[in-house]
Amino acid sequence: MIQIPKIEKKIFFISDLHLPLRPSGTNLPPKLEHKIIAWLDAIKPQAQALFLLGDIFDFWFEYKYLVPKGGIRFQATLWEFYRAGIPVYFFLGNHDGWSIDYLTQECGVQLFRKPASITLSNKRFLVGHGDTINPTTRYKLFRKLYHSGWLQFFIRMLPPDWVYSSIDWYFTKKKGRLLYCKDTHDPPSFLEKKDFIFQYCKDQIEPFNHHEFYIFGHTHCPYIKALNDSSSYCNLGDWVSHDTYACFDGVALSLHKF
């Protein structure tokens with residue numbers, strides 16, 4: 001269990017960056033990666049910890065000696081956080097669930113495969129990506145297949161260039177489907193009605209599973225909403241269209257746009 005008893009700086013949360021598989025092919029980082037690195041550089045002096053809540057990459061699959069080439073500058077920046085003594089906690093999402101140990105060994109990132117209860121400044125948080133919250137039967141079957149050992153074994157038998165190029169083509173074609181929250185002007189009162197993660201958290205707050213804050217991603221809809229007098233729900237949005245993140249200063253949780 002993650003515990004940070006005393007908040008001396010700030011804790012940052014971000015999700016759904018969807019960094020592409022494909023490198024830029026130039027000496028400059030792609031626009032999205034450049035923007036994310038600029039944000040990381042901006043928060044680094046005031047960061048005590050960084051939480052990555054899933055779908056950081058559009059797709060991630062590790063071979064024994066190979067990983068995707070996209071996002072390498074982002075990975076180097078995470079290593080700089082580690083070197084500076086700033087822990088990075090990565091809660092895997094449905095797009096990067098095939099991470100094994102590369103990011104831990106090379107970037108110092110701590111991996112988590114399901115939502116977890118954490119304590120920051122004596123306040124309890126429930127954090128995760130959100131895809132495993134109230135899943136449909138269809139998604140449960142898909143997730144079971146997706147994480148099966150035999151499927152991963154089969155993919156490792158295929159040429160990496162074929163796997164990566166096929167997945168890159170698919171996600172490039174389906175990029176518009178990532179915009180789950182198409183109307184950025186929807187008020188929280190409307191968003192919560194179609195947010196299955198919000199409904200789950202609302203059902204969990206009483207009486208024995210109380211947390212002051214529930215923070216998730218996945219739906220790409222950035223908003224904060226009170227669950228009751230002592231608990232709040234925050235969806236982090238995304239960096240596909242919103243460029244949003246959350247910050248906890250030891251007392252309050254706030255949502256910001258970069």
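Here the residue numbers are simple positions, counted from 1 along each chain's written sequence. Per-residue local features are limited, in this predicted model, to residues with pLDDT of at least 70; the limit for side-chain atom pairs, both in listing and counting, is 80 or more; totals at the level of whole chains, interfaces and linings are taken over all residues. Excluding hydrogens and water, the side-chain values take into account all heavy atoms of the structure.

**Student:** Which residues make up the sheet that holds strand β8 (residues 213–216), and what values go with them?
**Tutor:** The strand order across the open sheet built from 6 strands is β1-β6-β7-β8-β10-β9, with neighbouring strands paired in mixed fashion. Of all the strands in the sheet, just β1 (3–4) and β9 (223–226) have a single pairing partner and so form its edges. Being paired, for any two strands, means DSSP has found at least two bridges between them. Note on conventions: DSSP H or I runs of at least 4 residues are helices, E runs of at least 2 residues are strands, and numbering of each starts at the N terminus. The pairing of strand β7 (residues 123–127) with β8 spans 3 bridges and is parallel. Considered in β8, the bridge of L126 is made with Y214. Against the sheet, helix α8 (residues 196–204) makes contact with β8, β9 and β10 (232–235), and its axis sits at roughly 155° relative to β8, the strand it touches most. Residue contacts are defined here by distance: any two heavy atoms, one from each residue, within 4.5 Å place the two residues in contact. Comment: axis = line fitted to C-alpha atoms, over the contacting stretch for helices; angle = value between 0 and 180 degrees taken between N-to-C directions.

**Student:** Outline the pattern of salt bridges, supporting the account with residue identities and numerical values.
**Tutor:** Within this document, salt bridges are pairs made up of a side-chain nitrogen of Lys or Arg and a carboxyl oxygen of Asp or Glu, the two lying within 4 Å of each other. Tallied over the entire structure, the rule returns 4 salt bridges. For D243, the salt bridge identified is with K35, shortest N-O distance 3.0 Å. Placement of D243 in the loop between β10 and β11 (244–248) and of K35 in helix α1 (residues 31–43) is noted, with a sequence separation of 208 residues between them. Per-residue accessibility, obtained with a 1.4 Å probe over protein chains only, is compared with the maximum for each type, and a residue is labelled buried under 20%, exposed over 50%, and partly exposed between these values. According to the relative accessible area criterion, D243 is buried, its value standing at 11%.

**Student:** I'd like a description of unusual backbone geometry, backed by residues and values.
**Tutor:** Positive phi, normally seen in glycine, also occurs at S121, with a value near 55°. For S121, the position within the fold is in the loop between β6 (116–120) and β7. A relative accessible area of 19% means that S121 is categorised as buried. A positive phi angle is found at H220, which is not glycine, with a value near 65°. Within the element layout of this structure, H220 appears in the loop between β8 and β9.

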